[in-house]
Amino acid sequence: MDPLLGLVVGVALSAASGLRAFLPILLTCLAARAGYITLTPNMAWIASDTALIALATAAALEVAAYYVPWLDNLLDTVATPIAMTAGVILMAAVTPDLPPLVRWTLAVIAGGGTAGLVQLGTVLVRLKSSAVTGGLANPLLATGELLGALILAVLGLVVPVAALLGVALVLAVAVRRMGRFLRARRTAAAPQQ
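All figures in this text were calculated on a predicted structure; none of them were measured in a lab. (Residues numbered from 1 in each chain as written. Predicted model: local features only at pLDDT ≥ 70, side-chain atom pairs only at ≥ 80, totals over all residues. Heavy atoms only, no water.)

> Mind laying out the nonpolar core, listing which residues take part and the relevant values?
Burial of nonpolar side chains together is a common tendency in soluble globular proteins. With 38 residues, the main nonpolar core has Leu13, Ile37, Leu39, Ile46 and Leu157 as its most contacted residues. Among the secondary structure elements, those contributing two or more residues to this core are helix 1 (3–19), helix 2 (22–33), helix 3 (49–65), helix 4 (69–93), helix 5 (100–133), helix 6 (138–158) and helix 7 (160–189). When residues no more than four places from it in sequence are discounted, the contact partners of Leu39 are Thr28, Ala32, Ala44, Ile46, Ala47, Ala93 and Pro96. (Core = buried A, V, L, I, M, F, W, Y, C linked by side-chain atoms within 4.5 Å. Buried < 20%, exposed > 50% of the residue type's maximum accessible area, 1.4 Å probe, protein only. Helix = DSSP H or I, 4+ residues; strand = E, 2+ residues; numbered from the N terminus. Contact = heavy atoms within 4.5 Å.)

> Give me the pattern of salt bridges: which residues, what numbers.
Scanning the model with the defined rule gives five salt bridges in all. Across the salt bridge formed by Glu145 and Arg20, the nearest N and O atoms sit 3.0 Å from each other. Pair noted here: Glu145 is in helix 6 and Arg20 is in the loop between helix 1 and helix 2, with a separation of 125 residues, a long-range link. We classify Glu145 as buried; its relative accessible area is 7%. A salt bridge links Asp72 to Arg126, with the nearest nitrogen and oxygen atoms 3.9 Å apart. With a gap of 54 residues between them, Asp72 in helix 4 and Arg126 in helix 5 connect regions that are remote in the sequence. In this structure, Asp72 and Arg126 share a single accessibility class: buried. Through salt bridges with shared partners, one network takes in Arg20, Asp72, Asp76, Arg126 and Glu145. (Salt bridge = Lys/Arg side-chain N within 4 Å of Asp/Glu carboxyl O.)

> Which residues make up the packing of helix 6 against helix 7, and what values go with them?
The N-to-C vectors of helix 6 and helix 7 enclose an angle of 145 degrees; their axes lie 6 Å apart at closest approach. The hand of the helix 6/helix 7 crossing is left-handed. In contact with Leu152, Leu155, Gly156 and Val158 of helix 6, helix 7 contributes Pro160, Ala162, Ala163, Gly166, Val167 and Val170. By residue class, the composition of the contact of helix 6 with helix 7 is eight nonpolar, two polar and no charged. (Axes fitted to C-alpha atoms, helices over the stretch in contact; angles between N-to-C directions. Left-handed = near helix turned anticlockwise from the far one by under 90°. Nonpolar A, V, L, I, M, F, W, Y, C, P; charged D, E, K, R; others polar.)

> So what about helix 7? Which residues, and what values?
Taking 1.5 Å as the rise per residue, helix 7 with 30 residues should run 44 Å; its terminal C-alpha atoms sit 43 Å apart, in good agreement. When helix 7 is considered as a whole, its buried residues turn out to be Pro160, Ala163, Val167, Ala174, Met178 and Gly179. (Expected span 1.5 Å × (residues − 1).)

> How would you explain the environment of Thr133 if you had to name every residue and give the values?
Positionally, Thr133 belongs in helix 5. The exposure class of Thr133 is partly exposed, given its relative accessible area of 29%. Distance from Thr133 to Met178, taken between C-alpha atoms, is 20 Å for residues 45 residues apart in sequence. From its side chain, Thr133 meets the backbone nitrogen of Ala137 in a polar contact 3.2 Å long. (Polar contact = N/O pair within 3.5 Å; in protein donor to acceptor, adjacent residues only side chain to side chain.)

Below, the structure written as structure tokens:
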């Protein structure tokens with residue numbers, strides 16, 4: 001895979017892992033098993049039978065857990081480091097043509113950073129949804145996040161340039177949400193006159 005193309009695929013998969021951590025790795029596993037993508041040699045374990053079973057189970061459990069209103073907020077407390085780790089793994093896995101130092105530096109910064117930023121954005125949206133609707137709208141959010149992860153991951157594997165546009169949109173929404181959250185906190189903390 002061309003190094004630049006690998007970076008685009010890695011960023012798309014990392015952003016998707018910020019929405020659902022295990023689904024993009026599962027799809028990467030399936031794509032590698034089908035011979036559609038080449039993984040970095042030290043990440044070939046992603047295409048193993050054991051990984052397929054573990055990733056399918058983890059993805060199913062993660063998707064189901066986000067439909068339980070109290071469990072979705074609890075899951076968000078551990079989902080951010082898991083999503084960031086998934087982003088690092090995915091970026092490192094799909095960039096076999098990069099030198100190891102460059103690959104791992106980009107994996108941590110671009111892969112983990114993208115996944116973390118997207119995940120933090122979803123956490124803030126879920127917190128607001130829980131506060132405003134008492135969690136009643138959270139299953140709708142879970143469906144949107146699931147579809148977003150699926151679409152971004154598939155586009156990242158099939159049409160990486162289109163996925164990059166989707167990533168830009170997701171990141172813009174996440175940054176905007178975080179900006180609103182920080183402004184609201186700053187306004188609430190400011191002394192009243």
